[in-house]
Amino acid sequence: MFVGNDSGRRTWRRRFGVASVVLFGPSNHAIWGPWQTECEIVVAPDGLKEVTVSRVIAALERLRMFEEAHA
């Protein structure tokens, strides 16, 4: 599993089918968001400094529940 901002590392992980929690600041997640892999997107239009740990943990939990349901 990968947690991080929308970056080249996220793209690399996508190619290997790694589930991801991707953090987006002001960039457009509808255009630049992950595809072809299970993911959760956390959006913070005012910048990544606004992303709380609790939001990331909630996204990880949703992703984990999805993976368990489809295992």
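Above this note sits the structure.
Residues numbered from 1 in each chain as written. Predicted model: local features only at pLDDT ≥ 70, side-chain atom pairs only at ≥ 80, totals over all residues. Heavy atoms only, no water.

A. Looking closely at helix 3 (residues 53–69). Between its first and last C-alpha, helix 3 extends 24 Å over 17 residues, near the 24 Å set by a 1.5 Å rise per residue. Within helix 3, burial applies to Val56, Ala59 and Leu63. Angular distribution of buried residues about the axis of helix 3 spans 60°; they occupy a single face of the element. Residues of helix 3 that are exposed and point more than 90 degrees away from the buried face comprise Val53, Ser54, Glu68 and Ala69. Looking at the buried residues of helix 3, the elements they touch are strand 1 (2–5), strand 2 (20–24) and strand 3 (39–43). (Helix = DSSP H or I, 4+ residues; strand = E, 2+ residues; numbered from the N terminus. Expected span 1.5 Å × (residues − 1). Buried < 20%, exposed > 50% of the residue type's maximum accessible area, 1.4 Å probe, protein only. Arc of directions from axis to C-beta. Contact = heavy atoms within 4.5 Å.)

B. Fine view of the nonpolar core. Membership of the largest hydrophobic core is limited to nine residues, which are Ala19, Val21, Leu23, Val42, Ala44, Val51, Val56, Ala59 and Leu63. Of all the elements in the fold, those that place two or more residues in this core are strand 2 and helix 3. Broken down by element, this core gets its largest block of residues, three residues, from helix 3. Setting aside anything within four residues of it in sequence, one finds Ala44 in contact with Phe24, Gly25, Pro26, Glu50, Val51 and Arg55. (Core = buried A, V, L, I, M, F, W, Y, C linked by side-chain atoms within 4.5 Å.)

C. Here's a closer look at the pairing of strand 3. Residues Glu40 and Val42 point to one face of strand 3 and are all buried, whereas Cys39, Ile41 and Val43, pointing to the other face, are not buried. Here strand 2 runs beside strand 3; their pairing, made up of five bridges, is parallel. In the sheet register, Val22 faces strand 3, and the bridge partner there is Ile41. (Pairing = 2+ DSSP bridges.)

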